[in-house]
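Listed below are the residues making up each chain.
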Amino acid sequence: MTVATDILAEGKTKTLRPTSQPDELRVAFKDAATAFNGKKYQEMPGKGALNARISALLFELLAAQGIPTCFVRAGSEPTELIYKRLTMIPLEVVVRNFAYGSIVKRFGFDEGMPFNKPLVEFFHKTSDDPQITEDLILELNLVPTAATLEAIKRLTLQINEIFVAFFEARGIRCGDFKLEFGLDPDGTLLLGDELSPDNFRLRDAQSGAVLDKDVFRLDLADLVETYQGLLARMEQPAPVSVSVPSAKLKTYQAEVWVHSRKSILNPESKAILEGIHTLGYGNVQALGAGKRFTLKVAAASLVEAEQTLNQLAQTVLSNPVIEDYELKFKN
Ligand code: 5GP
């Protein structure tokens, strides 16, 4: 039996313990459901193992698509997973495809209404998890750099595409979900936390039946039976038609900005700045000239589009010895 002093951290639904590896954690999912910031609580035998299994399945799905995650392997108990240890970023990142939950209350959308494109919202992980803007996230230094925040958004949208396709192939609408990210000791951004139906809104695409924690929040059905049914559907292989990527090519619009490294003197920038000074604009103190490429790429996923564009930017659009580039998606 594990003694209580082993516990590194304990939340409402998970307990974190060390393993023999200093860079790993043993995460135990509890047989308990909570809602409304802990005001509603119920013990539920079997829930911990279901949440561990569903999370593992979704982490493996993401890893297979090249998404960096904290998941290492399943643990020795059915309720346990082994994670890489991360320094967690205190943000809840919510992505919404359809209007459910707090966004309906906050902005008056019709329940179940589809959004034109996935909406990403940030909430600060404090006692009441207030919504927070990107400017405030940077002002409060909740992430190391603005690029980290961009990477969080990019990963969130990539993960959303993967989950939407995965659930759609099984007749399930992925309404929304919540993610949390962390940094490993090298500063690499990884997906952390859990991927259980506690963090999702999932609906049967035909009947609209609720397949997530809303069954507990709203007293609609037995949560453990609902999660068992969901897991059975998730473990089914996808029909062949949806697993062929070329059947689902999308167009992604992007910009690649190329500029010389800060440490490298760019003769073009120097010449333009000197010209500007000659014209009387002596107050212009610095100038960096660069190139902007606009591109449209047909790809099966945002992950694939990003891989293609990174390769192109590194090998064709920029000179990696003297130049850096930034990749920005426009849709
Ligand atoms: P909402 O903002 O509508 O309450 O939640 C949006 C999505 O994020 C839902 O899928 C919900 O389950 C998830 N979510 C938001 N906050 C939390 C939280 O504190 N805990 C959990 N488990 N999920 C959350």
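Residues numbered from 1 in each chain as written. Predicted model: local features only at pLDDT ≥ 70, side-chain atom pairs only at ≥ 80, totals over all residues. Heavy atoms only, no water.

Looking at the overall build of the protein
- Summing up its helical and strand segments, the protein has nine helices and 17 strands in all.
- The buried share of the protein, taken over its 331 residues, is 44%.
- If you take every contact in the protein between residues at least 6 apart in sequence, the share linking residues at least 24 apart comes to 61%.
- Positive and negative side-chain charges of the protein, numbering 37 and 43 respectively, have mean locations separated by a distance of 3 Å. (Helix = DSSP H or I, 4+ residues; strand = E, 2+ residues; numbered from the N terminus. Buried < 20%, exposed > 50% of the residue type's maximum accessible area, 1.4 Å probe, protein only. Contact = heavy atoms within 4.5 Å. Lys, Arg positive; Asp, Glu negative; His and termini not counted. Charge placed at Lys NZ, Arg CZ, Asp CG, Glu CD.)

Some words on the packing of helix H1 (residues 47-64) against helix H6 (residues 223-235)
- Two numbers describe how H1 lies on H6: the axes approach to 10 Å, and their chain directions differ by 25°. In terms of axis orientation, H1 runs roughly parallel to H6. Where H1 crosses over H6, the handedness of that crossing is left-handed. Two secondary-structure elements touch here, H1 through Lys47, Leu50, Asn51, Arg53, Ile54, Leu57 and Leu58 and H6 through Leu223, Val224, Tyr227, Gln228, Leu230, Leu231, Met234 and Glu235.
- When its residues are assigned to classes, the contact of H1 with H6 shows ten nonpolar, two polar and three charged. (Axes fitted to C-alpha atoms, helices over the stretch in contact; angles between N-to-C directions. Parallel < 35°, antiparallel > 145°, perpendicular 65-115°, else oblique. Left-handed = near helix turned anticlockwise from the far one by under 90°. Nonpolar A, V, L, I, M, F, W, Y, C, P; charged D, E, K, R; others polar.)

Thoughts on the sheet that holds strand S2 (residues 14-18)
- Strand order in this open sheet of five strands is S1-S2-S3-S7-S6, and the pairing throughout is antiparallel. Edge positions in the sheet fall to strand S1 (9-10) and strand S6 (71-74), since each of these pairs with one other strand and no more.
- By the bridge criterion, two bridges tie S1 to S2 in an arrangement that is antiparallel. By the bridge assignment, Glu10 is partnered in S2 with Thr15.
- Set on the sheet, H1 makes contact with strand S3 (24-29), S6 and strand S7 (80-84); between it and S7 the angle comes to about 40°. (Pairing = 2+ DSSP bridges.)

Describing the domain arrangement of the protein
- If you check the domain split of the protein, you get domain 1 (4-84), domain 2 (87-234) and domain 3 (246-329).
- Relative to domain 3, the C-alpha centre of domain 2 lies at a distance of 32 Å.
- In this complex, domain 2 contributes six residues to the contact, which on the side of domain 3 involves ten residues.
- Both faces considered, domain 2 and domain 3 share a buried interface measuring about 630 Å² in area, 44% of it formed by carbon and sulfur atoms.
- The largest per-residue losses of area from domain 2 upon contact with domain 3 belong to Arg154, Gln158 and Glu161, which jointly make up 81% of the total buried on that side.
- Across the pair Glu306 and Arg154 runs a salt bridge, and its minimum N-O distance is 3.1 Å.
- Joining domain 2 to domain 3, the criterion identifies six residue pairs in polar contact (both at pLDDT 80 or more).
- In terms of residue class, the side of domain 2 that touches domain 3 is built from two nonpolar, one polar and three charged. (Domains from an automatic or database assignment. Buried area = accessible area lost by both parts, 1.4 Å probe. Salt bridge = Lys/Arg side-chain N within 4 Å of Asp/Glu carboxyl O. Polar contact = N/O pair within 3.5 Å; in protein donor to acceptor, adjacent residues only side chain to side chain.)

Structural notes on the nonpolar core
- With 61 residues, the main nonpolar core has Leu58, Phe163, Phe167 and Phe181 as its most contacted residues.
- Take this core: its biggest share by element is nine residues, from H1.
- Both domain 1 (4-84) and domain 2 (87-234) contribute no fewer than three residues apiece to this core.
- Counting 14 residues, the second-largest nonpolar core is a separate cluster that includes Val256, Val258, Ala299 and Leu327. (Core = buried A, V, L, I, M, F, W, Y, C linked by side-chain atoms within 4.5 Å.)

Some points on the pattern of salt bridges
- Within the structure shown, the criterion is met by 30 salt bridges.
- In this structure, Arg203 engages Asp214 in a salt bridge whose closest nitrogen and oxygen atoms are separated by 2.9 Å. With a gap of eleven residues between them, Arg203 in strand S14 (residues 200-204) and Asp214 in helix H5 (residues 214-217) connect regions that are remote in the sequence. When sorted by exposure, Arg203 lands in the same class as Asp214, which is buried.
- Among the ionic pairs, Arg292 bridges to Glu255, the shortest N-O distance being 3.0 Å. Of this pair, Arg292 sits in strand S16 (residues 290-299) while Glu255 sits in strand S15 (residues 250-260), and the two are 37 residues apart along the sequence.
- Judged by relative accessible area, which is 47%, Arg292 ranks as partly exposed.

As for the sheet that holds strand S17 (residues 323-329)
- The three strands lie next to each other as S16-S15-S17, forming an open sheet whose pairing is antiparallel. The sheet terminates laterally at S16 and S17, the two strands that pair on one side only. Shown here is a sheet whose adjacent strand axes are inclined to one another by a mean of 25°, direction ignored.
- Pairing between S15 and S17: seven bridges, direction antiparallel. Across the sheet, the residue bridging to Val258 is Tyr325, located in S17.
- On top of the sheet, helix H9 (residues 302-317) reaches S15, S16 and S17; it is set at about 155° to S17, its chief contact.

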